[in-house]
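Listed here are the chains, written in short residue letters.
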Amino acid sequence: MTSNSTEARPVRSAELGTLVAMSWSRETPQGNVPYILACSLGDGEQGPEGSSASVAQLLHNAGLSTEEGLVDASTRPSLPISLLVVDGSIVLTMPQINAQIVPSAEWLKAVAERGCACLVLTTRPWPGGDLDDNEALAAFANDEETLKAAATVALPARKLRDR
């Protein structure tokens, strides 16, 4: 008899491979929305499938699912994912992972206006190609397969307090 384990286990970086986080913003009917896309390059020791499984474990460890829709992190104070905006940079913190990103001025303006950003953390590995290709990024980020394989979180943008 086999059973699925529900225990949290550490995500090994060798299994995960390279995790990339990219920021962009886009106009919607609700205004300019800042996004962060996080995904593996699929270069873990077990290839794209192993990298995908590692991202799924990362989601599980954070208490997230690809099936729950948009999660408002402000209503889940124990969620171990956070966003810090400081000196024109952002720091995305997740279990075992810290990513620093230098977003565009437009992104920073959008997050200042909204007070949060939308994290799309997908188990679907990047399909390859230039990570600086905005059209490829948009196509991947908006692809139905990418979104179905993602947990989506509205993350409050924290700032360092002035003394």
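Residues numbered from 1 in each chain as written. Predicted model: local features only at pLDDT ≥ 70, side-chain atom pairs only at ≥ 80, totals over all residues. Heavy atoms only, no water.

### Observations concerning the packing of aromatic side chains
And step 1. Applying the stated criterion to the full structure yields two aromatic pairs.
And step 2. Ring centres of Trp24 and Tyr35 lie 5.0 Å apart, and the angle between their planes is 15 degrees; on these two criteria the pair is classed as stacked. With Trp24 in strand β1 (residues 19-28) and Tyr35 in strand β2 (residues 31-40), the pair connects residues that are eleven residues apart, well separated along the chain.
And step 3. By relative accessible area, Trp24 is classed as buried at 17%.
And step 4. Ring geometry for Trp126 and Phe140: centres 5.1 Å apart, planes at 65 degrees, overall edge-to-face. (Phe/Tyr/Trp six-rings, centres within 6.5 Å; stacked < 30°, edge-to-face > 60°. Helix = DSSP H or I, 4+ residues; strand = E, 2+ residues; numbered from the N terminus. Buried < 20%, exposed > 50% of the residue type's maximum accessible area, 1.4 Å probe, protein only.)

### Quick look at the nonpolar core
Where a protein is soluble and globular, its nonpolar side chains tend to be buried together.
And step 1. Counting residues in hydrophobic clusters, the biggest one holds 30 residues, and the most contacted among them are Leu64, Ile81 and Leu119.
And step 2. The set of elements that each furnish at least two residues to this core consists of β2, α2 (47-62), β4 (82-86), β5 (89-94), β6 (97-101), α3 (105-114), β7 (116-122) and β8 (150-159).
And step 3. Each residue touching Leu64, except ones within four places of it in the same chain, is listed here: Leu59, Val71, Arg76, Leu79, Ile81, Ala151 and Val153. (Core = buried A, V, L, I, M, F, W, Y, C linked by side-chain atoms within 4.5 Å. Contact = heavy atoms within 4.5 Å.)

### Remarks on the pairing of β5
Within a regular beta strand, the side chains point alternately toward one face of the sheet and then the other, so they alternate between its two faces.
And step 1. Note that β4 and β5 share five bridges and pair antiparallel. Residue Val86 lies in a different strand from β5, and its bridge partner there is Ser89.
And step 2. Hairpin connection, β4 to β5: the antiparallel pair is bridged by two residues, and Asp87 has positive phi, about 50 degrees.
And step 3. Both β5 and β6 contribute to a ladder of five bridges, which runs antiparallel. Among the inter-strand pairings, Met94 is bridged to a residue of β6, identified as Ile97.
And step 4. Where β5 folds back onto β6 in an antiparallel hairpin, the turn is made up of two residues, including Gln96, whose phi is positive at roughly 70 degrees. (Pairing = 2+ DSSP bridges.)

### Quick look at unusual backbone geometry
And step 1. If you check the backbone angles, Asp87 has positive phi at about 50 degrees while not being a glycine.
And step 2. As for its placement among the helices and strands, Asp87 is situated in the loop between β4 and β5.
And step 3. Positive phi is not limited to glycine here, since Gln96 has a value of about 70 degrees.
And step 4. Residue placement: Gln96 occurs in the loop between β5 and β6.

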